[in-house]
Amino acid sequence: MEVWFTELQCSGLKITCKVLQTLHREITPFQEIAVLDTELYGRMLVLDGAIQTTIADEFVYHEMLAHVPICTHPAPKDVLIIGGGDGGCAREVLRHQQLNSVTQVEIDQRVVDVSRHFLPELACSFDNHRMSLRFEDGIAFIKEREASFDVILVDAPDPVGVAAGLFSQEFYESVYRALRPDGLFAAQTESPFLNKELIKRVYGSVRGIFPIARLYLANIPTYPSGLWSFTVGSKRYDPAQGPASAAEDMSNQGLRYYTPEVHQAAFILPQFAQALLK
Ligand code: SAM
């Protein structure tokens, strides 16, 4: 008997993957967690029925979320990750040897525990000595912080449930306050094909708060429509100018997607995506 997993990506669109084995399923106080072994994409983390990451294409998302903002900053020291319980973002951030500290705030400890067990390729950096992992609501955490971080990365799931507030104007105002005077943040902001209103709203909020707002794109096959957006708010450095001249050289890190050229090219938007920002 064949088993197939279907994600309802939006009204009128589903993606279906052949499942070799269901490795784990549980319901936590925050969400339903599943880990599936799929034929095409390998192990897959699913939260509340939505694909979060897969072994086959996770590198695109995690490299682009982490290295674009960190390489934009000429001398980053302290980084905050909100969400990101699978560990892929932390793994990429910790490649930067010049960082002193990486703080990660994940609301659901079970996502980290399950990822440590089933997705060790991603959850391989939580025990790094520069890493401080906290289990609490990132929205409440950041409200209490002022001028504490050089780079903030918002590795959030879709904007529903406990994650909805991670896409709000109030949250971006807190992010602004938590950044140092030359800091910047990046957040995953869904598909420019399928989530136009969300991108417009988020970009509008960020542009109203930060002197520099930018959108960049990457191709991620298992995310709805395959084309994914990230939004940056920056106090001083423009990420569209490419990596800072002082940025760490990532060429010997074994990356599979990010290069300085990809960084710069990711900000060149097709016309329909540019139109979302007007
Ligand atoms: N790459 C993913 C995507 O776009 O589908 C996101 C992956 S990561 C697993 C998202 C994490 O954010 C989840 O583990 C979830 O528990 C966490 N999360 C959701 N809301 C949160 C909040 N308010 N504070 C901190 N973490 C949160």
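Refer to the preceding data block for the structure.
The paragraphs below set out a description of the structure included in this document. (Residues numbered from 1 in each chain as written. Predicted model: local features only at pLDDT ≥ 70, side-chain atom pairs only at ≥ 80, totals over all residues. Heavy atoms only, no water.)

**Remarks on the sheet that holds strand β5 (residues 50–54)**
Overall, antiparallel pairing links the five strands, which are arranged β1-β2-β3-β4-β5 in an open sheet. Edge positions in the open sheet fall to β1 (3–10) and β5, since each of these has one partner strand only. For this sheet, the mean inter-axis angle between neighbouring strands, taken without regard to orientation, is 45 degrees. Pairing of strand β4 (residues 42–47) with β5, which is carried by four bridges, proceeds in the antiparallel orientation. Bridge pairing in β5 places V46 opposite I51. Relative to strand β2 (residues 13–27), helix α3 (residues 109–118) is tilted by about 95 degrees, and along the sheet it contacts β2, β3 (32–38) and β4. (Pairing = 2+ DSSP bridges. Helix = DSSP H or I, 4+ residues; strand = E, 2+ residues; numbered from the N terminus. Axes fitted to C-alpha atoms, helices over the stretch in contact; angles between N-to-C directions. Contact = heavy atoms within 4.5 Å.)

**Points about the site of the ligand**
In the vicinity of the ligand, 26 residues are found, and the nearest of them are Q31, E106, D137, G138 and Y223. One nitrogen or oxygen atom from the side chain of E106 is found 2.5 Å from an oxygen atom belonging to the ligand. I107 has a polar backbone atom sitting 3.2 Å from a nitrogen atom of the ligand. Compared with its free state, where it exposes 600 Å², the ligand has 99% of that area covered by protein. At the level of secondary structure, the elements contributing two or more residues to the shell around the ligand comprise β5, β7 (101–106) and α4 (138–143). Tallied by class, the residues present in the shell around the ligand amount to 13 nonpolar, seven polar and six charged. Here the shell around the ligand gathers at least three residues from each of two domains, domain 1 (3–54) and domain 2 (58–275). (Near = heavy atom within 4 Å. Polar contact = N/O pair within 3.5 Å; in protein donor to acceptor, adjacent residues only side chain to side chain. Areas by Shrake-Rupley, 256 points an atom, 1.4 Å probe, with all protein chains shown as cover. Nonpolar A, V, L, I, M, F, W, Y, C, P; charged D, E, K, R; others polar. Domains from an automatic or database assignment.)

**Concerning the pattern of salt bridges**
Pairing between side chains becomes possible if they bear opposite charge and their charged atoms approach one another. Applying the stated criterion to the full structure yields 15 salt bridges. Residue K18 pairs with E39 through a salt bridge whose shortest N-O separation is 3.3 Å. Taken together, the residues K18 in strand β2 and E39 in the loop between β3 and β4 connect sequence positions 21 residues apart. K143 serves as the salt-bridge partner of E170, at 3.9 Å between the closest nitrogen and oxygen. Separated by 27 residues along the polypeptide, E170 in helix α5 (residues 169–178) and K143 in helix α4 bring together distant segments of the chain. Residue K143 is classed as partly exposed on the basis of its relative accessible area of 42%. What emerges from the salt-bridge pattern is a single network uniting E58, R91, E92 and R95. (Salt bridge = Lys/Arg side-chain N within 4 Å of Asp/Glu carboxyl O. Buried < 20%, exposed > 50% of the residue type's maximum accessible area, 1.4 Å probe, protein only.)

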